[in-house]
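Structural characterization, general
Listed below, chain by chain, are the residues.
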Amino acid sequence: MKAKTFLIASLLVLFVAGISDKVSAQTQKQDFQPNFASLEKANPVPEWFKDAKFGIYFHWGVYSVPAFSNEWYPRTMYVKGSPENKHHGEMYGDVSQWPYNTFITGGKDKQGNVVQFAPKLKSEGGKFDPEEWAQLFADAGARFAGPVAEHHDGFSMWASKVNPWNAKDTGPKLDLVGLLTDAIRKKNMRVILSMHHAYNITGYYDAVPETHDPKLQMLFGQQGKEKTKLIGWQSIRK
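Now for the overall build of the protein. A tally of regular secondary structure across the protein gives 9 helices and 7 strands. Considering only intrachain contacts with a sequence separation of at least 6, the fraction spanning at least 24 residues in the protein is 64%. With an accessible surface of roughly 13000 Å², the protein has 52% of that area assigned to carbon and sulfur atoms.

If you want it as structure tokens, here you go:
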């Protein structure tokens, strides 16, 4: 597999120097429940984040395999006539025969090349080294760093106990978030993770045909908002 498969899909450098220094009365200790009404009471900006000034947050996941356009490839590959849809047809075949989940489970493109999101550690003969990534962030002067833990595509980059579409049980068979966060912390940086699961159930895959496969329904956000929302909260809490 080409090395670019493992490259970061997109890199967002966050500057937070302009964040207000006002101390919110909401910083006092309080209990929170797994619902939005409760979480909205929280102070969204911790003090360490205000002080850090500079950090690196990045997109990396299954969508890095096609490495075409951007991290919204999982959605736009299903939009008929889109550049991603045309590219997908030329490289892999029609989406009805080569759906997005094939990038996870593995398949062959039209040239016969094996295609799968399955980065391997350098220590195991691969090209992925979380220690090197962390060193790169540290050398850049970052005070915090981290990946998208789960993009809108519904693939968990960690060892999820509630989502079968996760990096530990499929694809690389590695807890990628765990490896990266451990490496980042060793460099005395804070870890920042983001969870983009909400859009998975509110329109990201609206061009994907309805499926009756329970497992695929989970990946493509077709379980119904309430059930998927519950799974999302469980996933975060675990």
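Residues Trp60, Tyr100, Phe103 and Phe137 are the most contacted members of the largest nonpolar core, which totals 45 residues. Listing elements by their share of this core, those giving two or more residues are β2 (54-59), α5 (102-105), α6 (130-139), β5 (144-150), α7 (176-186) and α8 (214-219). A per-element tally of this core places α7 first, with 5 residues. Ranked by size, the runner-up nonpolar core spans 5 residues in total, among them Val45, Phe49, Phe144 and Ile192.

Among the secondary structure elements, Gln217 is positioned in helix α8. A distance of 2.9 Å separates the side chain of Gln217 from the backbone oxygen of Thr211, its partner in a polar contact. The residues touching Gln217, leaving out its near neighbours within four places in the chain, are Thr211, His212, Gln222 and Gln223.

In this section: α6. Those residues of α6 that sit buried are Pro130, Trp133, Ala134 and Phe137. The buried residues of α6 occupy an angular sector of 95 degrees when projected down its axis, which confines them to one face. In α6, the exposed residues that point more than 90 degrees away from the buried face are Leu136 and Asp139. For α6, the elements touching its buried residues are β2, β5 and α7. Measuring from the backbone nitrogen of Glu131 back to the side-chain oxygen at the start of α6 gives 2.9 Å, which picks out Asp129 as the cap. Positive phi appears at Gly141, one or two residues downstream of α6, with a value of about 95 degrees.

For the rest of this paragraph, the subject is the pattern of salt bridges. All chains considered together, the criterion is met by 4 salt bridges. We note a salt bridge from Arg75 to Asp206, for which the minimum N-O separation is 2.9 Å. Of the two residues, Arg75 is situated in helix α3 (residues 73-76) and Asp206 in the loop between β7 (194-195) and α8; the sequence distance between them amounts to 131 residues. On the basis of relative accessible area, Arg75 is assigned to the buried category, the value being 18%. Exposure remark for Asp206: the relative accessible area of 55% places this residue in the exposed category. For Glu132, the salt bridge is made with Lys122, and the minimal N-O distance between the two is 2.8 Å. Residue Glu132 is found in helix α6, and its partner Lys122 is found in the loop between β4 (114-115) and α6; the two are separated by 10 residues along the sequence. Accessibility expressed as a relative area gives 40% for Glu132, which makes it partly exposed.

About the criteria used
- All residue numbers here refer to positions counted from 1 along the written sequence of the relevant chain.
- This being a predicted model, a pLDDT of at least 70 is required before a residue's local features are given, and a value of 80 or more before pairs of side-chain atoms are given or counted; all residues contribute to the totals for chains, interfaces and linings.
- With hydrogens and water stripped out, all remaining heavy atoms of the structure feed into the side-chain values.
- Helix numbers and strand numbers start at the N terminus; a helix is a DSSP run of H or I with at least 4 residues, a strand a run of E with at least 2.
- Whether two residues are in contact is decided by their heavy atoms: any pair within 4.5 Å suffices.
- Note on areas: Shrake-Rupley with a 1.4 Å probe; residue coverage comes only from the protein chains shown.
- What makes a nonpolar core is a set of buried Ala, Val, Leu, Ile, Met, Phe, Trp, Tyr and Cys residues whose side-chain atoms join them at distances within 4.5 Å.
- Here the term buried applies to any residue with accessible area under 20% of the maximum for its type, exposed to any over 50%, and partly exposed to those in between, with areas from a 1.4 Å probe on protein chains only.
- For this analysis, a polar contact is any N or O atom pair within 3.5 Å, provided that within protein one partner can donate a hydrogen and the other can accept it, and provided that sequence-adjacent residues contribute only side-chain to side-chain pairs.
- Here the arc refers to the directions that run from the helix axis out to each C-beta atom.
- The term salt bridge refers to a side-chain nitrogen of Lys or Arg lying within 4 Å of a carboxyl oxygen of Asp or Glu.

This is a description of form; function is not addressed.
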